[in-house]
Each structure stands twice: as C-alpha cells, then as structure tokens.
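One-letter residues, chain by chain:
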Amino acid sequence: MPTNFTVVPVEDGDASGSGAAEGTGRPTLGNIFREEEEEPEPAAQSGDGSPMENSPFLPSDPDLEDFYDGKNMALFEEEIDSNPMVSSLLNHLANYTNLTQGVIEHEEAEYEDGVRRVTVTGPQMGTFIGVYLPCMQNILGVILFLRLTWIVGTAGILGSFAIVFMCCACTMLTAISMSAIATNGVVPAGGSYYMISRSLGPEFGGAVGLCFYLGTTFAGSMYILGTIEILLTYIIPTAVVFEAERKKDETMAFHNNMRVYGTCCLLLMALVVFVGVKYVNKLALVFLTCVVLSIMAIYAGVIRTVIEPPDFPVCMLGNRSLENHGLEKCMKTEVVKNMTRATELWVVFCNSTLLNVTCDKYFELNNVTVIQAVPGLLSGVIYDNLWGDYGPAGMMVEKKNSLSIPSPDGSQDLSTPYVFNDITTYFTLLVGIYFPSVTGIMAGSNRSGDLKDAQRSIPVGTILAIATTSLIYMSCVVLFGACIEGVVLRDKFGDSVQKNIVIGTLAWPSPWVIVIGSFFSCCGAGLQSLTGAPRLLQAIARDGIIPFLQVFGHGKSNGEPTWALLLTVGICEIGILIASLDAVAPILSMFFLMCYLFVNLACAVQTLLRTPNWRPRFKFYHWTLSFLGMSLCVSLMFISSWYYALVAMTIAGCIYKYIEYRGAEKEWGDGIRGLSLNAARYALIRLEESPPHTKNWRPQLLVLCKLDADLGVKHPRLLSLTTQLKAGKGLTIVSSVLEGTYMTRGGEAKTGEQKLKAAMTAERTKGFSHVVVSSNLRDGFSLLIQSAGLGGMKHNAVLMAWPAGWRHSQDSYPFKNFIETVRETTSAHQALLVAKNIDHFPGNQERLKEGTIDVWWIVHDGGLLMLLPFLLRQHKVWRKCKMRIFTVAQLDDNSIQMKKDLQMFLYHLRLDAEVEVVEMNERDISAFTYEKTLVMEQRSQMLKQMQLSRTEREREAQLIHDRNTASHAAASDKAAPSTPERVHMTWTRDKLISERARQREGGMGVKDIFNMRPQWENLNRSNVRRMHTAVRLNEAVVKKSKNSQLVLLNMPGPPKNKEGDDNYMEFLEVLMEGLDRVLLVRGGGREVITIYS
C-alpha cells in the first residue's frame, strides 16, 4: 500500500518579530550537527536559585540568541551524535548509487592535479536490455545447435520432452527463489554469490561461490570446445593437425585436434579479455544477433517443410545409414553405356572394382535405398521418433520399423562407412549433457549494479527469459522429431548428410546460417565466461572469507583481475584437455546445480524463519516451491552422474569446513544463523520438558575463573582441564566476577569476556564466556550458580580452583566465598569439582606416557568419581594412564568380598580399572592429631579476636575519638603549652591493636595465643574426630598414590554451623597434604552412571 508523505517546513519563531541579532541567519536543522563554539553565559536566577525565564520559549536577551540558535531538536541533541537526523538519512539514501564491481572500465580514469578521478556513468539499463537479452544469450547456445537434435533422436520426443521439462522446471523454480532474494533489499553487484553468501553465511557462500566459479570456468571450456567442433567439422574440416590412418583412430585424432585448437582459442580469448572488457561488451550484441537469426532460420525452415521439404538425401543400406562424404551416387552398381560398373559403395564393401568378387554379407543381402533427411512436418515421421533408441558405443545407427536381412556372422566391421554411436547412450547421460543449455539464468542478477531498478527488472526479465527459452526448447524438441528422419537425428556429426550440421538441414535459407550463427554464439559465450569467472573469483577473494585466495583479489592498476584470469585460464585448460563436449557438460552441470540448490535453500530458510528483514517485493514465491526446486536439483545431480555429484558435494563440503576452520569470521545476518537460533530454541524447549536420563548424563560445566589485574585468566590450566574433561561435548560456561557496579565496570566486563574467549580459543575449550559485575564476589558467584545457562541447557557441575593462599590472606573472604560456593552447589543439587595445584596440571599439548589416575571412593556420590577418569582417558593427554580405584574397609567389613563386589560392579559398568581395598583399623588418636587440632582451634580463636565486626570497629573508633576530644578540652582549659594529640579517623586493624595495647599499659595485654598450652581434653571432640579421619586418610592416600598423575577424592561436605568454616578448610588441607594434583569431587545428589544399556 503506497504511503503519501507531506513535508511541512518548520521555522523558528521570533519573540519580537525581528529579534535576531544582525548578521545571524535563520536557524536550520543543519546547525544541530555543528558543535557550539561558544559556551553560553549563565542564565539569570531567581531568588530560590532556579533559572529565571522572561519568555516561556525564546529569550529576550540578544546575547543569548546564538545559544538558542538551531535548538528545534534540543531534546534529542545527545542522540544526534550517534544517530543521524531523518533528513540526513533520507539525503544519503537519495544520493546512493549502486555500481557494479569491475565491469566499469577503469581506463577512463583521469588524473588532474595528481588526484585520480574516475568518470562513472550511473546505471541506465532497463529490464529488456539489462536482464532479458543477457539471459537469452547465455541460455541459448552450443547445446541447442550441436546436441539437441541428437538428444531428440536418441531419447525420442517423449524422453527429450521429459528432459527439457525437468531442467526448465528446475531453472524456473530457482528463478522464483532468486527473484525473492534479489527483491529483498538492494542487491549490490555480485549476483548469485552475493545473494547466497548474505543469505546462508560465509561458509555456504564461499563453498557455493567457488562451485559457481568452477561451473562458469568449465562452461568456458565447453563453449570453446563447441567452437572448435564447429570449426573443424563443418567450416574447415581440412585444417586438422592430426589425421587418422584408420577409421578406428578417428576419435583419438579428433580429440587431439580439439586439444590443440582449443588451447590456441583459449589463449586468444584470454588475450581479448585481458586487453579490455569493453571489446567483449561491444561484441555481445553481434553474438546475440547471430543467435536470434539462427533460431528464426530454424522456425522458417520448419514452415518451409510444409510447402517444399529441403533436399538432403540419406543413403541407406538395408536399415543402416551410411556416411556420405562426397558420395556421388547411392547405389551398388551403375549402368554406363550398357555396361554395369561398380560404384564407390561397391569398392568400399567389396574392396575391388570387379563384380564377381565376394563382398560384405550384409551388403550382398540388402539393397541400397535413398531417403530424405527432412521429410517434412506433414510426413508422419513424428510417430517413428516418439520413443528412444539407446545403445552402446560402436552400435550402428539403424532406421526403426524398416526391414533388413541380418548378416549371418553378425559382425560389425568398423572400417565400413556406417554411422556409429561414438559413446554409450542412456537417459541419465542425456540429462547431464542437456542441462548446461538451461543455465545462464544468473546473467541478469550478475548485472544488478547496472540496472535502473534491479528489484523490478531481475524477476521480470529472468522469468520471461526462462519462459521464452523453455518454449523454444520444447517446441524444437517436437519440431525436430516431426520434421527430421530418426537416423539423421541420431547422427551426431551429420556424417549421413554430407557433413552438414543436422539442425542446419532444417534451417532456411541455408545450413550456413546455423553454422555461422552457432560459431559466433559459442565464441561470445566463451568470452562471457572468461570475463565473468575471474570477477566472481575476485569478489570472493576480496571478501576475505578464504585466506589462500586473497592473492586473486589483486589485479592490474585499473582493477582488472589479472591473477584471477590466469587461474581461470588454467582451470579452463583442464576442460579443454578432456577434449569432449559430452564429457565436460556433466561436470559443469554439477556445479550449476549445486549453486541453484543453495539459492532455493536460501529462499526456503528465509521464508520459514520469517525474519523481520525478509520482506521481498516479489510476492509470487512459497517455501514449498523452493523445496521442490531443491529436490529437483538434487535429483538431477544424481540422475546426471552420481559420482560427479559426490565429487561436487565433497568439494563444496571441504571448502565449507575450511572456511569454518580457517576462514575469516563474517557476520552477514545470514539465514543459517537464524535457523540455528530456531533449532536451539526448539531443542531447549524439548530439553526442559524432562530431566536427562542417567545414560545421557555428562558434566555440563560452569567454570569459575579468576581474573588478574589486567583482566587475564589467572589459571589457564583450568581451561585445559575443562577441554580434557569435555572433549568439546556438552555445555561449558567459563565465567568470572568483577567487584563493583556495572555502570562503572561494564567496559571491563566486556574486555574480560573477550580475554576469556581468547584464552578458551588458546586452550581449545569450546563453550561460552560470561563475566558479571556484582557488588561483592559472593553475590556474583551465587548469581552465576543460580542463573547460568538457559532452559534445559544448564550446568550440572561447577569447576573451580582450590584457594591456595587462604591461610595467608589478610581477611577471611577467600575461604568464606569458597565454602559458600560449596554450600550453594550442594543446595542446587549440582556437582562440584575442585582442583588443587591447578597450575601443575598437564596442558593440552602434553602427553602423559605412563602413570595412574587414582580414585579414592570413600562415599557413594552417584558414580561421578568413576565417570570422571573415564572421560579424562578419552583425551590424548590422559589416554595412556591407567585407572585405579581404592576404597576403605572398616574393622567389621569383609575386605575380600568388597573387592570382588567392586570388580563385578566395574565389569557391569564396562570400566577397566584396578581395584584395591585399603583396610583402616581402629586405633587410638595420635598425638600428631591432637597437635593439629590444637593449632587449628588456636588459629580459629585468634582470627575471631582479630576479625572484629564492622560495627564493633566503628563503636571503638568513636569511643577513642570521644576520649581524645575530652582530653583535648581539659588541656585547653589549663592552657597547657603542648599541642593536643591529633586523631586519625582512618581506622585499620593494626591501629586497633596498637590502641588497645597503649590503653591497657601493658598490664592488661593479650596473652600470646601460640604460647598457650591448654589440655587436650579441652579440645572439641568433633574437631578431634574429624582431624583424626583426615590424618589417617591422608596417610593412606599418600602411601598409595603419592606418585600418581592425578588423585580423585570424595569432598566432605561443609559444616552446617558457619562458625566451623575455618576448621573445615583445615580438614581439607590436611586431607590433601603431600599430594600434587588433586581433584576433590562432590556429587550432585543423583546417579550419573548406570550398568544398563
């Protein structure tokens, strides 16, 4: 629905009618974009301090006139710095020009005053000149003139019609999809590559772009081979370099001639392209005229056959067609002056001019007849040509429904002048050979930069061109079958019609119209291919998505793609060395079909995703049509040649993976990203419906990292351990917390995320990075544990490093945060992995050649202790390490039976591990244990006395301040000469301790806690028992696993009473004492491993 706009000018009013200062112009919107050069004077203020206004809108003071100048949009003046005014935006859009890449000749550059100026003419072409005619020229070409008659004769009218219909339907559906993409916004020059890459992303764009480039390059080979075939077969057949001495060597000699002349023609065309594209563009109209005249000659010839069929006799022996290379008389013998003499045919088949010699049996048994090659539209030959006639290579071309006496020996002598099949024919081969004749539908989109209105011209011109050419091809199939004899249609090179091009026998006024027209048509199409392919490669190289192609983005000083042209010539030479048009055609069919496949895919993806930016002006499309086009493309690929199809898909797949692995990261808002988002949303919703089964459980890690002062990762080996544990599978969220507010540290948080991502890339950790800013670290970690992840894709385990320096910290925050993290993971039913000496863990490049991973299974935690070593051993770092499982037996346990049961359990779990039961008998608590407990409690008591609460600090500070103030007042009353003691309000723990010591005057000093010797029986019994367990277990672990590569231990739970937090840290320290690499494991409260399949 069109929208009408009315532009209303807005003028600044004037308080007094002409109150503007002299020389000051009327304010305009352009003033908004200029910074004020003079600071305004302060406004007059009222008695309450607020600015005083004489007028509610405009100032009356002339000095303030400039300050208010151009302030119509003052409310938005801060946004204008980053967001343009609508008037400015519309001005930029109005002046936008869309120029083609590399097509404008750079030789028109002028140098004035040392500055290079390029004169560029704006796009002026309409639908007919810019899209319709180029598509017609590219679609109609070599296959129509050289192979369509042979396809009709071999496949029959019905089979050929099916082939043409499938291929034309494929291109029509692709054109509909392409029209939708091309009208969804401005399409810069670049054609199909631009549309696919911006719709499906750089990976698909690069892969399909290169496939399209290869297809265009091999199309150049096909056109050059067609040009040489016309030249050597129909124009100058005597200009051969290699001649065959025997008939069976003719094919090899013909291919060698094609290679020699094809190479020369390729070099000549490359030279023309190198000199300048303008010569190719000037000749384009000539080539198109040749095509149009040739087609008109064909239809004129069909009409002429109704009135008077042309005279092209075909010599037949029995039902077999014979070659007619200058054959004067089609008869066995002739009567000259009442004497019977042998003819050329007699000499060929009898090897003698004598009439009484033994000749070829088939020649003796069958008569020689003459038929017309073009019996005419009303002859009824259409019924004979309805069905196909396929056969192997070397099979003679025979007339169907014609009687003949077969030879008794059934031999086929290739030296006889019969017309033979040069290749084995079958339906799928003909599909591959014919499909290049419908390519070229991208010619209009490739010229999008030269069109007046590309969004209107591309759909209309392309669809009309396809409809026109489809009508031409289908009518030609029917007319060829209705006018030309079947044996002549199957004669690929016109041997039976005196080496005339078969389609030329139907043309009026002369076959030379077709010969000359097809020759120039092939030349023009070859030049167009050699012109377009290098520029397509240059566009891909300049996008920078494929690193090794960047050299081809450069060229001559005028921008011509010289290096790309050289590569194109080299690849084109490969097709010419194949030397067979029938062998090259299926190759380029694969690449074009691959390109059309992804055009349809791009349209279907965008349509199904319904992205807000998908608003094509072309409305006659639907996702079902795009999927039908995709299916047809895939079907035609495998119908034509299944092995070529696999090769083309492999090439595209390799390029895709290469770009994904090594290519530059581009964000083009492609549909694949949108498809991934939709798929992720669907999968997340499905995952949230039910919790994962035990068989699907794997650690989804939330890795809590520390950042240093430079926002770098403090322990990068934590990421290495994550990679080794995950091997790229499952969810990994690497996160950290910054203390402060997001308003002040938001930029640091983004920098931290980038450095986290860089560290993850260096350690090959696949996952997500996230940095949050919180008022304190404790709340930040709590926030991450609660909210990290999305839907069903949430973490189920937390990995963090052991706070190694907690004993030497000035405050208790490090281990308090650690213990609170342990409590929260337990409350959230999440597993917890704590790595001690994380910096000693192996990196991803190291290989542990021997050693063991020891698991100390004290309590059942759902099987996580046994699953983790299995996952680690999947990585190449730990692959050669053996797994050992230790468990502890008490006095009343049967250690032998425990070992058997554990071995059977591991067998059912399919885990290979050595099992050992460690017996820990009851014994008295050692003096060492009491000493450890005593030191622990003394340290705890000291910390409690030193770590006063904030309220107590403030209260005592105020008390000291009051005392000092009172003493100062008393001294002033006595007029003492001494100056009062100055009070420092900055309070520290050291000042508090020194102040207490000074006030107590030494007599009330605090006892030295570490010199106290309390009785052991005064110790907390619970602490003694816990310390006893830690000491005994540590002794056993050190004895068995001191030299192991990694020790996994059950992590005891924190005390419910928070007063025992510091004791809990001591217990863990004692438990891990003397061990290098330790991984404390605490289960999440659910089974993670099962014996069932």
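## Focus on a nonpolar patch on the surface
Item 1. A contiguous nonpolar surface patch, about 470 Å² in accessible area, is contributed by Leu 268, Leu 271, Phe 274, Val 275 and Tyr 279.
Item 2. With four residues, the single largest contributor to the nonpolar patch is helix H7 (residues 250-275).
Item 3. Tracing the backbone through its elements, the reader meets Leu 271 in helix H7.

## A short note on the sheet that holds strand S8 (residues 701-704)
Item 1. Judged by pairing direction, the sheet is mixed, and its ten strands sit side by side in the order S10-S9-S8-S11-S12-S17-S16-S13-S14-S15 without closing on themselves. Lying at the two open borders of the sheet, with one neighbouring strand each, are strand S10 (768-774) and strand S15 (914-919). On average, each strand axis in the sheet is tilted by 20 degrees relative to the strand beside it, whichever way the strands run.
Item 2. Bridge analysis of strand S14 (residues 882-889) against S15 gives six bridges, and the strand direction is parallel. Paired with Val 888 across the strands is Val 918, a residue of S15.
Item 3. Sitting on the sheet, helix H21 (residues 717-726) touches S8, strand S9 (732-739), strand S11 (797-801), strand S12 (831-836) and strand S17 (1078-1082), and the angle it makes with S8 is about 170 degrees.
Item 4. Of the strands in this sheet, S9 and S10 touch helix H22 (residues 742-762), which is tilted by about 155 degrees from S10.

## Here we look at the packing of helix H17 (residues 581-609) against helix H18 (residues 623-640)
Item 1. Relative orientation of the contacting elements H17 and H18 amounts to 160 degrees, with a least axis distance of 8 Å. As summarised for this structure, H17 and H18 are arranged roughly antiparallel, according to the angle between their axes. Here H17 and H18 pass one another in a crossing that is left-handed. Facing Met 590, Leu 593, Met 594, Tyr 596, Leu 597, Asn 600, Leu 601, Cys 603, Ala 604, Thr 607 and Leu 608 of H17, the residues of H18 in contact are Trp 623, Ser 626, Phe 627, Gly 629, Met 630, Cys 633, Val 634, Leu 636, Met 637 and Ser 640.
Item 2. Here the residues of the contact of H17 with H18 sort into 16 nonpolar, five polar and no charged.

## Quick look at the side chain of Ser 626
Item 1. For Ser 626, the position within the fold is in helix H18.
Item 2. Since its relative accessible area comes to 1%, Ser 626 is described here as buried.
Item 3. Discounting residues that sit within four places of it in the chain, Ser 626 has contacts with Ser 177, Asn 600, Cys 603 and Ala 604.

## What about the confidence of the model for the protein chain?
Item 1. Considering every residue of the protein chain, the mean pLDDT works out to 79; 75% of them sit at 70 or more.
Item 2. Predicted confidence for residues 1-60 stays below pLDDT 50, and this span has 44 contacts to residues more than four positions away or in other chains.
Item 3. The model gives residues 92-123 a pLDDT under 50, and that stretch makes 51 contacts with residues more than four places away or in other chains.

## Describing the nonpolar core
Item 1. Counting residues in hydrophobic clusters, the biggest one holds 165 residues, and the most contacted among them are Met 222, Tyr 434, Phe 435, Tyr 473, Phe 480 and Phe 598.
Item 2. No other element matches helix H6 (residues 191-235), which puts 23 residues into this core.
Item 3. Beyond its immediate stretch of four places on either side in the chain, Met 222 contacts Val 142, Ile 143, Pro 436, Leu 581, Val 584, Ala 585 and Leu 588.
Item 4. Of all hydrophobic cores here, the second largest spans 54 residues; its members include Leu 718, Ala 749, Ala 797 and Ala 835.

## Some details on a positive patch on the surface
Item 1. Positive charge collects at one region of the surface, where Arg 764, Arg 847, Lys 876 and Arg 879 lie side by side.
Item 2. On the secondary structure map, Lys 876 appears in the loop between helix H25 (864-872) and S14.

## Here's the deal with the environment of Ala 1036
Item 1. For Ala 1036, the location among the structural elements is in helix H30 (residues 1021-1041).
Item 2. For Ala 1036, a relative accessible area of 11% translates into the label buried.
Item 3. When the C-alpha positions of Ala 1036 and Val 888 are compared, they lie 9.4 Å apart, and in sequence the two are 148 residues distant.
Item 4. Setting aside residues no more than four positions away along its own chain, Ala 1036 makes contact with Trp 856 and Val 918.

## Description of the state of the cysteines
Item 1. In the structure shown here, the tally under the stated rule is two disulfides.
Item 2. For Cys 315, the disulfide goes to Cys 330, at an S-S distance of 1.8 Å. Residues Cys 315 and Cys 330 are joined through a disulfide that is right-handed, its torsion about the S-S bond being 80 degrees. Remark: Cys 330 occurs in the loop between strand S4 (320-321) and strand S5 (333-336) and Cys 315 occurs in strand S3 (residues 313-317); sequence separation between them is 15 residues.
Item 3. Classification of Cys 315 as buried rests on a relative accessible area of 3%.
Item 4. Across the disulfide, Cys 350 is cross-linked to Cys 359 (sulfur-sulfur distance 1.6 Å). Its S-S torsion of approximately 110 degrees makes the covalent link between Cys 350 and Cys 359 right-handed.
Item 5. The exposure class assigned to Cys 359 is buried, which follows from its relative accessible area of 7%.
Item 6. Look at the protein chain and number its bonded cysteines as they come in the sequence; the links are 1-2, 3-4.
Item 7. Cysteine Cys 167 is unpaired, with the sulfur of Cys 168 as its nearest cysteine sulfur at 6.8 Å.

## What to know about H22
For an α-helix, 3.6 residues make a turn, and residues three or four places apart therefore share a direction.
Item 1. For H22, with 21 residues, the first-to-last C-alpha span of 28 Å sits near the 30 Å given by 1.5 Å per residue.
Item 2. Remark: the principal bend of H22, roughly 30 degrees, maps to Glu 748.
Item 3. All of the buried residues in H22 are Gly 746, Ala 749, Gly 752, Leu 756, Ala 759 and Met 760.
Item 4. The inward-facing, buried residues of H22 contact H21, S9 and S10.

## Here we look at the sheet that holds strand S7 (residues 368-372)
Item 1. Spatial strand order, S4-S3-S7: three strands in an open sheet with antiparallel pairing. On the outer flanks of this sheet lie S4 and S7, each paired with one strand and no other.
Item 2. Note: S3 against S4, two bridges, orientation antiparallel. Pairing of Met 316 across the sheet is with Ser 321, part of S4.

## Regarding the pattern of salt bridges
Item 1. Applying the stated criterion across every chain, the model contains 16 salt bridges.
Item 2. A salt bridge links Lys 329 to Glu 334, with the shortest nitrogen-to-oxygen separation between them at 2.4 Å.
Item 3. Overall, Glu 334 belongs to the buried group, its relative accessible area being 18%.
Item 4. Its salt-bridge partner being Glu 660, residue Lys 657 comes within 2.6 Å of it at the nearest N-O pair. Note that Lys 657 and Glu 660 are positioned in helix H19 (residues 642-662) at a spacing of three residues, about one turn of the helix.

## Focus: the packing of aromatic side chains
Item 1. Counted according to the given criterion, the structure contains 24 aromatic pairs.
Item 2. Between Tyr 362 and Tyr 418 the ring centres are 6.4 Å apart and the planes differ by 80 degrees, which places this aromatic pair in the edge-to-face class. Within this pair, whereas Tyr 362 is found in helix H10 (residues 361-365), its partner Tyr 418 is found in the loop between S7 and helix H11 (427-434), the two being separated by 56 residues in sequence. In this structure, Tyr 362 and Tyr 418 share a single accessibility class: buried.
Item 3. When the centroid spacing of 5.3 Å and the interplanar angle of 65 degrees are considered together, the rings of Phe 548 and Tyr 658 count as edge-to-face. Remark: Tyr 658 occurs in helix H19 and Phe 548 occurs in the loop between helix H15 (511-543) and helix H16 (562-578); sequence separation between them is 110 residues.
Item 4. What makes Tyr 658 partly exposed here is its relative accessible area of 26%.
Item 5. Aromatic ring contacts, followed pair by pair, group Trp 346, Phe 349, Tyr 362, Phe 363, Tyr 418 and Phe 420 into a single cluster.
Item 6. One residue, Arg 320, lies across the ring of Tyr 362, its end atom 3.6 Å from the ring centre.
Item 7. For Lys 492, the ring lying beneath its charged end belongs to Trp 150, and the centroid distance is 4.2 Å.

Thresholds applied
Residues numbered from 1 in each chain as written. Predicted model: local features only at pLDDT ≥ 70, side-chain atom pairs only at ≥ 80, totals over all residues. Heavy atoms only, no water. Patch = residues over 30% accessible without salt bridge, like charges linked within 9 Å, V, L, I, M, F, W, Y side chains within 5 Å. Areas by Shrake-Rupley, 256 points an atom, 1.4 Å probe, with all protein chains shown as cover. Salt bridge = Lys/Arg side-chain N within 4 Å of Asp/Glu carboxyl O. Helix = DSSP H or I, 4+ residues; strand = E, 2+ residues; numbered from the N terminus. Pairing = 2+ DSSP bridges. Axes fitted to C-alpha atoms, helices over the stretch in contact; angles between N-to-C directions. Contact = heavy atoms within 4.5 Å. Parallel < 35°, antiparallel > 145°, perpendicular 65-115°, else oblique. Left-handed = near helix turned anticlockwise from the far one by under 90°. Nonpolar A, V, L, I, M, F, W, Y, C, P; charged D, E, K, R; others polar. Buried < 20%, exposed > 50% of the residue type's maximum accessible area, 1.4 Å probe, protein only. pLDDT = per-residue confidence, 0-100. Core = buried A, V, L, I, M, F, W, Y, C linked by side-chain atoms within 4.5 Å. Lys, Arg positive; Asp, Glu negative; His and termini not counted. Charge placed at Lys NZ, Arg CZ, Asp CG, Glu CD. Disulfide = S-S within 2.5 Å. Expected span 1.5 Å × (residues − 1). Bend = angle between axes of the 7 residues up to and from the residue. Phe/Tyr/Trp six-rings, centres within 6.5 Å; stacked < 30°, edge-to-face > 60°. Lys NZ or Arg CZ within 6 Å of the ring centre and 35° of its normal.

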